[in-house]
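# Structural overview
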Amino acid sequence: MKNILVTGGAGFIGSNFIIYMLKNYEDIRLVNLDALTYAGNLENLKEIEGDGRYSFIQADICDGETIGEILKEHEIDTVINFAAESHVDRSISDPEIFIKSNVLGVSTLLGAAKRLWEKEGGGFKEGVKFLQVSTDEVYGSLGPEGFFTETTPLDPHSPYSASKASADLLVKAYYDTFKMPVNITRCSNNYGPFQFPEKLIPLMINNCLSLKSLPVYGDGMQVRDWLYVEDHCRAIDLVARRGVPGEVYNIGGHNERPNVFIVETIIDYLHEKVDSAIDRSLIKHVEDRKGHDRRYGIDPEKIKNELGWEPTTAFEDGIVLTMDWYLQNRDWTEKVTSGEYQKYYEEHYGK
Ligand code: NAD
Ligand code: DAU
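Structural notes, computed from the coordinates.

Rules and cut-offs
- Residues numbered from 1 in each chain as written.
- Chains lettered and ligands numbered in written order.
- Predicted model: local features only at pLDDT ≥ 70, side-chain atom pairs only at ≥ 80, totals over all residues.
- Heavy atoms only, no water.
- Pairing = 2+ DSSP bridges.
- Helix = DSSP H or I, 4+ residues; strand = E, 2+ residues; numbered from the N terminus.
- Axes fitted to C-alpha atoms, helices over the stretch in contact; angles between N-to-C directions.
- Contact = heavy atoms within 4.5 Å.
- Near = heavy atom within 4 Å.
- Polar contact = N/O pair within 3.5 Å; in protein donor to acceptor, adjacent residues only side chain to side chain.
- Areas by Shrake-Rupley, 256 points an atom, 1.4 Å probe, with all protein chains shown as cover.

## Here's the deal with the sheet that holds strand β11 (residues 248–251)
The seven strands are arranged β3-β2-β1-β4-β5-β6-β11 in an open sheet whose pairing can be described as parallel. In this open sheet, the two strands that pair with only one neighbour each are β3 (54–58) and β11. Taken over all neighbouring pairs, the strand axes of this sheet differ in orientation by 20° on average, direction set aside. In the packing of helix α1 (residues 12–24) onto the sheet, the strands contacted are β1 (2–7), β2 (28–34), β3 and β4 (78–81), and the crossing angle to β2 comes to about 170°.

In structure tokens, the structure reads:
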């Protein structure tokens, strides 16, 4: 039996991860610790709510005392940290909360995990791991050629990516200094069910469905490397179980697409399937994001060669699965975007 603390498990990737793990393992206990910010929604976990292997605790990763108690009470051996402020645009308008959750929070979590690990004798033991879910954005921006490898120097540009890079350095320091069994994963852009509709793909789907304009930043030729969320979850599970302590693993599936291509793909599908009024005239080029990274592209050779990971969902299939999910779950979108998010959206884009 493995006892795993998942932090940020009510968010997009964390909730997909919890559902993935409960589907794939019998002998497991998962504790989901989440502060339930605007991005955390227990709606995402409705299908596993009554599962005896799962429990939820509302808490902040900056609260070391509570985390210490949870680690002890639930005899946690693996910590997987998804908790973070994750939206680049918000980090540009309000950087402070990113430093608090993404840097101070990770430092607090590491400290609590270290105290328990030391009490239990330290060292490397099977199943004992601290995994920090990081991002390809810590590497900065690429030109038209080449890919990010695990040895690409860190060169973050936004307050979000700078906060994630800072956390990575702290996690690395716990390996270098204490030999704590840590891993860092750096994945490219995820998409799939339960992604909060402030991010490109769900935002464009929802705006199409309500015939709102589609705000494309700048020329829309920025490139992101898209990965279906379940492929990311499988990679995290592999790294947690079999990753070599102290190592970083890049995760990505060579699915690079310019933003306008993504937007047009969504328009064309919904035009056919939902409403012929959804068309390319909805695209509105708006002011570019400040400090906007031009291109991300992951080299996933290390995780492929060392852990045998490969993505299984092609972009062409994953994007259709995702659009269909949002079509079938319009009530989810309504629930999660009411309140605080609505105010934020109207301030930025108007009604
Ligand atoms: P998300 O914003 O959907 O979810 C974040 C979750 O963390 C929410 O449930 C929120 O309530 C919780 N949270 C925030 N601050 C907290 C705090 N101080 N204490 C406890 N809980 C807190 O984010 P996501 O897209 O699911 O991303 C999860 C992780 O994966 C993040 O660390 C992000 O940096 C990383 N990541 C995301 C992507 C992507 O494309 N979305 C790609 C690579 C890496
Ligand atoms: O690369 C991994 C990162 O991917 C994660 O670490 C972040 O948590 C996650 O939010 C995501 O960051 P991006 O900034 O790449 O994702 P976002 O969906 O915000 O934007 C994707 C691209 O689309 C980016 O180039 C900005 C552009 N964009 C975004 C929005 C919301 C638009 O053109 N218009 C929009 O309205």
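## Overview of the site of ligand 2
Ligand 2 sits among 24 residues. The nearest are Thr135, Asp136, Tyr160, Arg289 and His292. A distance of 2.6 Å is found between an oxygen atom of ligand 2 and a side-chain nitrogen or oxygen belonging to tyrosine 160. Contact distances for ligand 2 include 2.6 Å between an oxygen atom and a side-chain N or O atom of arginine 289. About the coverage of ligand 2: the protein hides 95% of its 690 Å² of free accessible area. Elements represented by at least two residues in the shell around ligand 2 include exactly α6 (200–209) and β8 (214–217).

## Overview of the side chain of asparagine 81
Structurally, asparagine 81 can be placed in strand β4. Other than its neighbours up to four places away in sequence, asparagine 81 contacts Thr7, Ile61, Val106, Leu109, Leu131, Gln132 and Val133.

## Notes on the side chain of glutamine 222
Mapped onto the elements, glutamine 222 comes out in the loop between β8 and β9 (223–225). A distance of 3.2 Å separates a polar atom in the side chain of glutamine 222 from the backbone oxygen of tyrosine 217. Only 3.4 Å separates the side chain of glutamine 222 from the side chain of histidine 292, close enough to count as a polar contact. Contacts of glutamine 222, omitting those with residues within four sequence positions, involve Tyr217, Arg257, Pro258, Asn259, Asp288, His292, Asp293 and Arg294.

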